[in-house]
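Residues per chain, in single letters:
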Amino acid sequence: MIVVTTPTGRIGGQLVRRLLDRDEDVRVVVRDPARLDGTVRGRVEIVGGSHDDPAVLDRALPGASALFWLVPPNPRASSAAEHYLGFARVGADAVARHGVGHVVGVSSAGHGWPTPAGVLSAAFAMDAELGRSGAAYRALSVPFFMENLFGQLDAIREQGAFHLTGAADRPLPTIATRDIAGTAADLLTDRSWSGQEDLPLFGPDRLTPDGMAEVISQEIGRPVAYHRMSLDDFASLSRSRGLHDQAVRDVTEAFAAHDDGIYDKDWTIAHTAPTDFRTWCREVLKPAADPQGP
Ligand SMILES: NC(=O)c1ccc[n+]([C@@H]2O[C@H](COP(=O)([O-])OP(=O)(O)OC[C@H]3O[C@@H](n4cnc5c(N)ncnc54)[C@H](OP(=O)(O)O)[C@@H]3O)[C@@H](O)[C@H]2O)c1
């Protein structure tokens, strides 16, 4: 039995479908089962609740040989570190209590970065905590999700632009969530691995934000430019959207670390995921940006 957290999320949802395609027995932990994909609902065991609740994990983990672990993003958490550690402490205790042998977690690239990196440091702390469970553990150490651009669909459509805080000419490593789900599915089904390791996994491109803009323009068939936003402007925008100071710090520290090269070391040793940015734009971004299609 493979237990999957966040089965309604981008990675978790794609993972469940891949596991079912391989005829695996799957149990999901979900806050609201009604939000599960209809094609999935009748084919999985369902445990209702959140995976930061020990009682929920006590219902989810008996008989589990492997667990997919993902801490839901929560930009409104009072502190990213406490948010990730809150989930991870409960998860590590439950994994140990139920003797789950293998755990695959979604983390961030950049382990070992020497200065605070906000939400990224919180993910590294999560890994250390899960390691305490004694289970074999792989921390999928991934860079910037291509799907983050969904947050900019309106700007892409209406202003022909997308905005990030990184330098226009500094390569930005990316990954498609389908490839994170694919690697997680491989690890969860072939459990011949042991020990606790980070597994850096990066998409195949070396595109700068300007280069990404060029690819987006070509694929969606209209001009899109990259606009760099300063960290100060980003922080002000976040505050105007109601984020409190620590939450703003958690994100701006992470973006500053991106620009200072937190991903560079892992990029040199990473496994290369199959989906390149152009293919992702064609197959995923374009249909979302242009739902009427040609
Ligand atoms: N974005 C990036 O560039 C990036 C890079 C590296 C790592 N990461 C990591 O990737 C993860 C995000 O993965 P994703 O994109 O697949 O997430 P996602 O699509 O935002 O999915 C979030 C999931 O969490 C569930 N959820 C939300 N709040 C919850 C709660 N309190 N208790 C239990 N479940 C809850 C949601 O389910 P319901 O709402 O249906 O309950 C949903 O299934 C984060 O851990 C992030 O740190 C992100």
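Since we're looking at a predicted model, the values are computed, not measured.

Caption draft 1: Fine view of the environment of Phe162. With respect to the helices and strands, the residue Phe162 is situated in strand β8 (residues 161–164). When the C-alpha atoms of Phe162 and Cys281 are compared, they prove to be 14 Å apart, with 119 residues separating the residues in sequence. Leaving out residues up to four positions away in the same chain, Phe162 has contacts with Leu149, Gln152, Ile156, Pro209, Met212, Ala213, Ile216, Val224, Ala225, Tyr226 and His227.

Caption draft 2: View of the packing of helix α8 (residues 209–220) against helix α12 (residues 277–289). Running from N to C, α8 and α12 point in directions that differ by 50°, and their axes come no closer than 9 Å. It follows from the interaxial angle that α8 and α12 lie oblique. Both α8 and α12 take part in a crossing whose hand is right-handed. Along its contact with α8, which presents Met212, Val215, Ile216, Gln218, Glu219 and Ile220, the element α12 presents Phe277, Arg278, Cys281, Arg282, Leu285 and Lys286.

Caption draft 3: Structural view of the site of the ligand. Near the ligand you find 22 residues, and of these Thr8, Arg35, Ser50, Val71 and Tyr84 are the closest. The separation between an oxygen atom of the ligand and a polar main-chain atom of Phe145 is 2.9 Å. Computed on the free molecule, the ligand has an accessible area of 950 Å², of which 81% lies beneath the protein chains in the complex. Of all the secondary structure elements, the ones that give two or more residues to the shell around the ligand are α1 (10–21), α4 (80–98), β5 (102–108) and β7 (144–145).

Caption draft 4: Representation of the nonpolar core within the structure. Core analysis: the largest hydrophobic core is formed by 33 residues, its most contacted members being Val4, Ile11, Leu15, Val28, Phe68, Ile180 and Leu188. Elements with a minimum of two residues in this core: β1 (2–5), α1, β2 (26–30), β4 (66–69), β5, β6 (136–142), α7 (177–189) and β10 (196–202). Aside from chain neighbours lying at most four places away, what touches Leu188 is Ile2, Leu15, Ala66, Leu67, Phe68 and Val104. Among the nonpolar cores identified, the runner-up in size contains 28 residues, and Tyr84, Phe87, Val103 and Met126 belong to it.

Criteria and cut-off values
Residues numbered from 1 in each chain as written. Predicted model: local features only at pLDDT ≥ 70, side-chain atom pairs only at ≥ 80, totals over all residues. Heavy atoms only, no water. Helix = DSSP H or I, 4+ residues; strand = E, 2+ residues; numbered from the N terminus. Contact = heavy atoms within 4.5 Å. Axes fitted to C-alpha atoms, helices over the stretch in contact; angles between N-to-C directions. Parallel < 35°, antiparallel > 145°, perpendicular 65-115°, else oblique. Left-handed = near helix turned anticlockwise from the far one by under 90°. Near = heavy atom within 4 Å. Polar contact = N/O pair within 3.5 Å; in protein donor to acceptor, adjacent residues only side chain to side chain. Areas by Shrake-Rupley, 256 points an atom, 1.4 Å probe, with all protein chains shown as cover. Core = buried A, V, L, I, M, F, W, Y, C linked by side-chain atoms within 4.5 Å. Buried < 20%, exposed > 50% of the residue type's maximum accessible area, 1.4 Å probe, protein only.

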